[in-house]
Amino acid sequence: MRVGLTIPVRPPRPGDVTALPAIEHAAGQRFRDYPELAWLADGEVIPAEQHLDYAERGLSWLALANDQPVGFVLAEAHPSSLFIVELSVDLDWQGKGIGR
């Protein structure tokens, strides 16, 4: 982990959502390191339209590096909890503490 790494987090804007499926796909490539989970690397990703829906409901947040999305989290609101639906960090940015 890089010491002093500052990653801003904010809700996505409509123009951000087109980048999120690619981030999810890149994040999934880590599963190729584990033969029993490698199939996940080729799984379907959440489409941009669905990301927009999460954003409009206030249930999506982006991690940014150099003003570009490098990770995201999607959630579902339940009566007494918040459930994480997806947490993805671009493969090039994994291991730097962004998902913590």
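Here the structure is shown first, and the text comes after it.
Within each chain, residue numbers correspond to sequence positions counted from 1 in written order. The model is predicted, so local features are restricted to residues of pLDDT at least 70 and side-chain atom pairs to those at 80 or more, both for listing and for counting; the totals for chains, interfaces and linings are taken over all residues. Derived side-chain values reflect all non-hydrogen atoms in the structure, with water molecules and hydrogen atoms excluded from consideration.

Digging into the overall build of the protein chain
Now for step 1: To qualify as a helix, a DSSP run of H or I must reach at least 4 residues; to qualify as a strand, a run of E must reach at least 2; elements of each kind are numbered from the N terminus. Within the protein chain one finds two helices and four strands.
Now for step 2: When its helices and strands are written in sequence order, the protein chain yields β-α-α-β-β-β.
Now for step 3: Considered along the principal axes of its C-alpha atoms, the protein chain spans approximately 35 × 35 × 30 Å.
Now for step 4: Relative accessibility thresholds used throughout: buried, under 20% of the residue-type maximum; exposed, over 50%; partly exposed, between the two (1.4 Å probe, protein chains only). Counting over 100 residues, the protein chain shows a buried share of 37%.
Now for step 5: A 1.4 Å probe and the Shrake-Rupley method give the accessible areas. Residues count as covered only by the protein chains that appear here. Surface exposure of the protein chain reaches about 6400 Å², of which carbon and sulfur atoms provide 56%.
Now for step 6: Side chains of the protein chain carry 8 positive and 14 negative charges; the gap between the two charge centres is 10 Å. Note on charges: Lys and Arg go in the positive column, Asp and Glu in the negative column, and His and the chain ends are not counted at all. Here the site of a charge means atom NZ of a Lys, CZ of an Arg, CG of an Asp or CD of a Glu.

Describing the packing of aromatic side chains
Between two aromatic rings, the relevant description is the distance of the centres plus the angle of the planes.
Now for step 1: Working definition: a ring pair exists when centres of Phe, Tyr or Trp rings (six-membered ring for Trp) sit within 6.5 Å. Plane angles under 30 degrees give stacked, over 60 give edge-to-face, the rest tilted. One pass over the structure, following the stated rule, counts zero aromatic pairs.
Now for step 2: The ring of Tyr54 has Arg57 lying over it, and the distance from NZ or CZ to the ring centre is 5.0 Å.
Now for step 3: Sitting over a ring, as applied to charges here, requires NZ of Lys or CZ of Arg to be within 6 Å of the ring centre and within 35 degrees of the ring normal. Sitting above the plane of the Trp93 ring, Lys96 keeps its charged end 5.9 Å from the centroid.

So, the side chain of Ser60
Now for step 1: By the secondary structure assignment, Ser60 is in strand β2 (residues 60–65).
Now for step 2: By relative accessible area, which is 1% here, Ser60 ends up buried.
Now for step 3: Any two residues whose heavy atoms approach within 4.5 Å at even a single point are treated as in contact. The contacts of Ser60, once residues within four sequence positions are left out, are Pro11, Pro12, Tyr54, Ala55, Val73 and Leu74.

Let's talk about the pattern of salt bridges
Now for step 1: Every case where a carboxyl oxygen of Asp or Glu lies within 4 Å of a side-chain nitrogen of Lys or Arg is listed as a salt bridge. Scanning the model with the defined rule gives four salt bridges in all.
Now for step 2: Among the salt bridges present, the one from Asp16 reaches Arg10, with a minimum N-O distance of 2.7 Å.
Now for step 3: Look at Asp16 and you get buried, because its relative accessible area is 12%.
Now for step 4: When the shortest N-O distance is used, the salt bridge between Asp53 and Arg57 registers 3.1 Å.
Now for step 5: Taking the relative accessible area as the measure of exposure, Arg57 reaches 45% and is therefore partly exposed.

What to know about helix α1 (residues 20–28)
Now for step 1: Counting buried positions over the nine residues of α1 gives seven, a clear majority of the element.
Now for step 2: Listed as buried for α1 are Leu20, Pro21, Ile23, Glu24, Ala26, Ala27 and Gly28.
Now for step 3: Its buried side turned inward, α1 meets α2 (48–56), β2, β3 (68–78) and β4 (81–89).

Observations regarding the pairing of β2
Now for step 1: Counted residue by residue, β2 has five buried out of six residues, so it is predominantly covered.
Now for step 2: Only when DSSP finds a minimum of two bridges between them are two strands counted as paired. Relative to β2, strand β1 (residues 9–10) is paired through two bridges, and the arrangement is antiparallel. For Val9, the partnering residue across the bridge sits in β2 and is Ala63.
Now for step 3: Relative to β3, β2 runs antiparallel, the two being bridged by six bridges. By the bridge assignment for β3, Trp61 is matched with Val73.
Now for step 4: From the end of β2 to the start of β3, which pair antiparallel, there are two residues, and Asn66 there has a positive phi angle of about 55°.

These results come straight from atomic positions and should not be treated as a statement about function.
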